[in-house]
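Below are the chains, spelled out letter by letter.
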There are 2 protein chains.
Amino acid sequence: MSTVDKTLKLLGYLKTTSPELGLSQFTRLSGEDKASTHRRLTELTRAGFLEQDPVTRAYRLGAALTRLALTREQSFPRAEHARRVLERLYDSVRETVHVSVIQGTDGLSTLAHIDDHSHGNRVYIEPADLLPFHATASGIVTLAFAVKPFRDTVLARRFDRLTSETEIDPAVLALHLEDARRSGFGRSEGAYEPDVFSVAAPLFASDGTCIGAIATAMPKARFTEMSENRILSAVAKAASDLTSYWGGEPPGTLKATWDSMIV
Amino acid sequence: MSTVDKTLKLLGYLKTTSPELGLSQFTRLSGEDKASTHRRLTELTRAGFLEQDPVTRAYRLGAALTRLALTREQSFPRAEHARRVLERLYDSVRETVHVSVIQGTDGLSTLAHIDDHSHGNRVYIEPADLLPFHATASGIVTLAFAVKPFRDTVLARRFDRLTSETEIDPAVLALHLEDARRSGFGRSEGAYEPDVFSVAAPLFASDGTCIGAIATAMPKARFTEMSENRILSAVAKAASDLTSYWGGEPPGTLKATWDSMIV
DNA sequence: CCTGATGGTTCAAATAATGGACCTTGTGGT
DNA sequence: ACCACAAGGTCCATTATTTGAACCATCAGG
């Protein structure tokens with residue numbers, strides 16, 4: 001693993017649940033020695049990727065990230081497109097909706113989301129968390145339509161059991177992927193968070209590769225057979241819209257499926 | 001310069017004006033050899049800090065940046081606070097307003113801004129650009145209140161002449177800093193962009209160090225003596241509010257100046 | 001006034017980065 | 001059809017940077 005990899009990895013230890021960490025904590029998390037960790041933290045701080053509290057000496061994420069993320073969004077306003085499509089989808093389903101894109105082989109990163117505010121019992125999105133491929137509707141459907149080498153790399157991992165419903169057997173997961181490829185949708189029934197049902201459709205780039213998914217998530221109780229068709233249709237339309245907004249192209253068979261579902 | 005520095009520097013070449021660059025362009029910009037540049041780009045891509053267009057092979061900023069920036073903002077919602085204060089300031093002055101924070105020794109990075117939409121002739125903010133210390137009201141006032149070692153480091157640089165009004169002589173700049181320290185405000189009269197007048201007040205962290213500035217910018221024609229006091233008072237109030245929102249503490253003398261100006 | 005935790009620094013040894021040369025593909029010119 | 005050039009990308013002996021055990025300073029609790 002390169003020096004740069006090891007350095008950038010440090011940034012990943014900062015979560016919303018632990019937004020500041022000290023030198024010793026980084027050292028323990030990374031399993032490296034203190035001197036190297038310290039030099040890396042100093043380099044990241046110099047570059048503006050971290051900032052250090054002058055009193056506690058703890059490190060937190062820095063302003064350069066905000067600046068670069070702004071530049072990215074100004075150049076390629078994908079999040080803005082996503083938000084527009086999500087608004088329409090939310091109007092249809094009145095449940096929490098989100099768009100997430102592949103972030104390396106570890107999972108999906110959420111680009112935009114709308115939290116439901118029309119029900120008392122609703123599903124919250126933590127936009128800073130990576131969504132694992134094996135335990136979420138978005139992850140399953142993204143993996144199902146991803147290119148084979150990528151899928152194989154991900155499936156070679158060992159998966160974590162997050163709830164009692166999480167499937168971690170690669171053979172069974174392969175069946176789920178097969179199912180998603182046939183139907184065009186990924187499903188999760190409490191595999192990521194207990195009692196949360198979710199459906200997702202894949203999003204494609206201009207070269208036809210799958211780059212992420214659009215999904216809706218709700219409490220199990222509200223996902224009835226009656227509502228299912230309406231939800232699938234709305235999600236299919238959103239996926240189709242966003243894919244073409246982004247200049248993407250779905251595989252021919254899926255395009256046919258989507259068109260037949262959109263009323 | 002460390003390997004990590006050289007690698008992270010590559011990200012800086014991606015601007016809104018050049019959101020995608022190829023290997024050769026990065027190589028020329030960095031002045032390094034092609035093989036090393038390529039390895040660095042690959043590492044950044046693996047980490048999600050860049051993504052590569054599968055067709056053109058050009059590199060652009062990646063999804064990891066969005067994710068980290070979101071985490072940062074969730075943990076320390078400084079931009080949200082800034083936006084709230086900017087809204088009030090905008091209501092008072094009806095001109096473009098922005099909050100920028102120190103980003104290394106190169107300049108200030110804009111955290112939040114509101115573009116004026118009440119005049120035909122207005123000033124636009126390019127939030128992804130770094131504001132130079134010597135040619136902007138925000139830069140001058142931030143430097144004026146910054147700790148001495150930092151100020152000396154910045155003043156040791158050679159400055160670029162951006163317009164016919166840009167002051168680049170360190171001795172004269174030192175006088176401007178002195179003036180800003182006395183009055184509590186930085187000014188720029190067309191030194192960054194021709195015809196754009198700007199006033200800025202400093203922002204402080206909890207340890208009393210200056211971390212950035214809040215400013216308003218307008219066409220020269222609208223900055224009259226009559227409006228000046230109203231503007232200074234509004235900017236002072238905004239700086240005072242945002243500093244305390246962020247848990248910061250202005251120096252005693254400045255606090256007195258601000259309090260006397262706020263009606 | 002110990003003890004163990006924190007943040008930070010040093011420098012010889014070990015490892016990873018470097019970059020000139022090379023390969024391949026695509027484009028524009030004649 | 002052919003050549004010249006620039007693009008993206010790779011190889012590997014040389015070289016420079018990273019590494020990490022041992023170190024120091026400070027603080028909090030017992």
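Residues numbered from 1 in each chain as written. Chains lettered and ligands numbered in written order. Predicted model: local features only at pLDDT ≥ 70, side-chain atom pairs only at ≥ 80, totals over all residues. Heavy atoms only, no water.

## Here's the deal with the pairing of strand β4 (residues 107-114) of chain B
Residue and element names in this part refer to chain B.
Logical step 1: Counting buried positions along β4 yields 7 of 8 residues, so the element is predominantly enclosed.
Logical step 2: Sheet topology note: the strand β3 (residues 96-103)/β4 ladder contains 7 bridges and is antiparallel. Within β4, the position partnered with V99 by the bridge is A112.
Logical step 3: Between the end of β3 and the start of β4, which pair antiparallel, lie 3 residues, with G104 showing a positive phi angle near 65 degrees.
Logical step 4: The pairing of β4 with strand β5 (residues 130-131) spans 2 bridges and is classified as antiparallel. Paired with S109 across the bridge in β5 is L130. (Buried < 20%, exposed > 50% of the residue type's maximum accessible area, 1.4 Å probe, protein only. Helix = DSSP H or I, 4+ residues; strand = E, 2+ residues; numbered from the N terminus. Pairing = 2+ DSSP bridges.)

## Description of the pairing of β3 of chain B
All names here are of chain B.
Logical step 1: Within β3, 7 of the 8 residues are buried, leaving the element largely enclosed by the surrounding structure.
Logical step 2: Looking at chain direction, β3 and strand β8 (residues 210-219) are connected through 6 bridges and run antiparallel. Bridge assignment links V101 to a residue of β8, and that residue is G212.

## Notes on the relation of the copies chain B and chain A
Here the second copy of the chain follows from the first by a rotation about an axis and a shift along it.
Logical step 1: Overlay of chain B on chain A (RMSD 0.1 Å): rotation 180 degrees, translation along the axis 0.0 Å. One copy is carried onto the other by what is essentially a two-fold rotation axis.
Logical step 2: Most of the interface of chain B is mirrored in chain A, where 96% of its interface residues are also at the interface. (Least-squares fit on C-alpha atoms with pLDDT ≥ 70 in both. Contact = heavy atoms within 4.5 Å.)

## Observations regarding the confidence of the model for chain A
Segments scoring low in pLDDT should not have their predicted coordinates read at a detailed level.
Logical step 1: Mean pLDDT over chain A: 91, with 99% of residues reaching 70 or higher.
Logical step 2: Confidence, expressed as mean pLDDT per element, reaches its minimum in chain A at helix α7 (residues 148-155) of chain A with 88 and its maximum at helix α6 (residues 137-145) of chain A with 97. (pLDDT = per-residue confidence, 0-100.)

## Some remarks on unusual backbone geometry
Residues and elements named next belong to chain B.
Logical step 1: In this structure, R57 is a non-glycine residue whose phi angle is positive, near 65 degrees.
Logical step 2: Counting through the fold element by element, R57 comes out in the loop between β1 (50-52) and β2 (59-61).
Logical step 3: Among the residues examined, R57 registers a relative accessible area of 52% and is labelled exposed.
Logical step 4: The residue D195 is not glycine, and still its phi comes out positive at about 75 degrees.
Logical step 5: Considering the arrangement of structural elements, one finds D195 in the loop between β6 (186-189) and β7 (196-204).

## Digging into the protein's contact with DNA strand D
Logical step 1: Around DNA strand D, the surrounding shell holds 20 residues, and the nearest of these are D33 and R40 of chain A together with S24, K34 and R57 of chain B.
Logical step 2: Protein-adjacent atoms of DNA strand D, using a 4 Å cutoff, are sugar or phosphate at a proportion of 63%.
Logical step 3: At 3.5 Å from a phosphate oxygen of DNA strand D is found a side-chain nitrogen or oxygen belonging to R28 of chain B.
Logical step 4: For DNA strand D, a phosphate oxygen lies 2.8 Å from a polar atom in the side chain of R57 of chain B.
Logical step 5: For the surface near DNA strand D, the secondary structure elements donating two or more residues are α1 (3-11) and α3 (34-46) of chain A together with α2 (23-30) and α3 (34-46) of chain B.
Logical step 6: Of the residues forming the surface near DNA strand D, the biggest block, 4 residues, is contributed by α3 of chain A.
Logical step 7: Taken together, the residues that form the surface near DNA strand D break down as 4 nonpolar, 8 polar and 8 charged. (Near = heavy atom within 4 Å. Polar contact = N/O pair within 3.5 Å; in protein donor to acceptor, adjacent residues only side chain to side chain. Nonpolar A, V, L, I, M, F, W, Y, C, P; charged D, E, K, R; others polar.)

## Concerning the interface of chain B and chain A
Many descriptions give the size of an interface as the accessible area lost when the pieces come together.
Logical step 1: At the junction of the two partners, chain B supplies 48 residues and chain A supplies 46 residues.
Logical step 2: When chain B packs against chain A, close to 4,100 Å² is buried across both sides, 65% of that on carbon and sulfur atoms.
Logical step 3: Considering only the side of chain B, the residues that lose the most area to chain A are V4, R67 and R72 of chain B, jointly responsible for 15% of the buried surface there.
Logical step 4: The interface formed by chain B and chain A includes 4 salt bridges. (Buried area = accessible area lost by both parts, 1.4 Å probe. Salt bridge = Lys/Arg side-chain N within 4 Å of Asp/Glu carboxyl O.)

## Some details on the protein's contact with DNA strand C
Logical step 1: Inspection of the region around DNA strand C gives 20 residues, with S24, K34 and R57 of chain A together with D33 and R40 of chain B positioned closest.
Logical step 2: Restricting attention to atoms of DNA strand C within 4 Å of the protein, one finds that 64% of them are sugar or phosphate atoms.
Logical step 3: With respect to DNA strand C, the side chain of S24 of chain A contributes an N or O atom lying 2.2 Å from a phosphate oxygen.
Logical step 4: Contact distances for DNA strand C include 3.1 Å between a phosphate oxygen and a side-chain N or O atom of Q52 of chain A.
Logical step 5: Looking at the surface near DNA strand C, the elements that each hand over two or more residues are α2 (23-30) and α3 of chain A together with α1 (3-12) and α3 of chain B.
Logical step 6: In terms of residue count, the dominant contributor to the surface near DNA strand C is α3 of chain B (4 residues).
Logical step 7: Class assignment for the residues of the surface near DNA strand C results in 4 nonpolar, 8 polar and 8 charged.

## Side note on the sheet that holds β8 of chain B
All names here are of chain B.
Logical step 1: Reading across the sheet, the 6 strands line up as β5-β4-β3-β8-β7-β6 and stay open at both edges, with antiparallel pairing between neighbours. Since the sheet does not close on itself, it has two edges, and those belong to β5 and β6, each with one partner.
Logical step 2: Against the sheet, helix α5 (residues 78-93) makes contact with β3, β4 and β8, and its axis sits at roughly 65 degrees relative to β4, the strand it touches most.
Logical step 3: Where helix α6 (residues 137-145) meets the sheet, its contacts fall on β3, β4, β6, β7 and β8, and the angle it forms with β7 comes to roughly 30 degrees. (Axes fitted to C-alpha atoms, helices over the stretch in contact; angles between N-to-C directions.)

## Some thoughts on the sheet that holds strand β5 (residues 130-131) of chain A
Logical step 1: The sheet built from 6 strands is open, its strands ordered β5-β4-β3-β8-β7-β6 (chain A) with antiparallel pairing. The open sheet is flanked by β5 and β6 (186-189) of chain A, the only strands paired with a single partner.
Logical step 2: The sheet contact formed by strand β7 (residues 196-204) of chain A and strand β8 (residues 210-219) of chain A spans 9 bridges and is antiparallel. Paired with P202 of chain A across the two strands is A213 of chain A, which belongs to β8 of chain A.
Logical step 3: Packed onto the sheet, helix α4 (residues 63-75) of chain B meets β3 (96-103), β4 (107-114) and β5 of chain A and runs at close to 130 degrees relative to β3 of chain A.

## Focus: the pattern of salt bridges
Logical step 1: Within this structure, the stated rule accounts for 34 salt bridges over all chains.
Logical step 2: Between D152 of chain A and K148 of chain A there is a salt bridge whose closest N-O contact spans 2.7 Å. Residue D152 of chain A and its partner K148 of chain A are both found in helix α7; the two are separated by 4 residues, about one turn of the helix.
Logical step 3: Note on K148 of chain A: relative accessible area 52%, which makes it exposed.
Logical step 4: Among the ionic pairs, R187 of chain B bridges to E228 of chain B, the shortest N-O distance being 2.9 Å.

## Quick notes on the side chain of S109 of chain A
Logical step 1: For S109 of chain A, the location among the structural elements is in strand β4.
Logical step 2: Of the residues examined, S109 of chain A reaches a relative accessible area of 2% and is grouped as buried.
Logical step 3: Setting aside its immediate chain neighbours within four residues, S109 of chain A contacts V99, S100, V101, Q103 and L130 of chain A together with A63 and R67 of chain B.

## What to know about the environment of G247 of chain B
Logical step 1: The residue G247 of chain B is located in the loop between α9 (225-245) and α10 (252-261) in this model.
Logical step 2: Sequence-wise, G247 of chain B and F204 of chain B are 43 residues apart; in three dimensions their C-alpha atoms are separated by 8.7 Å.

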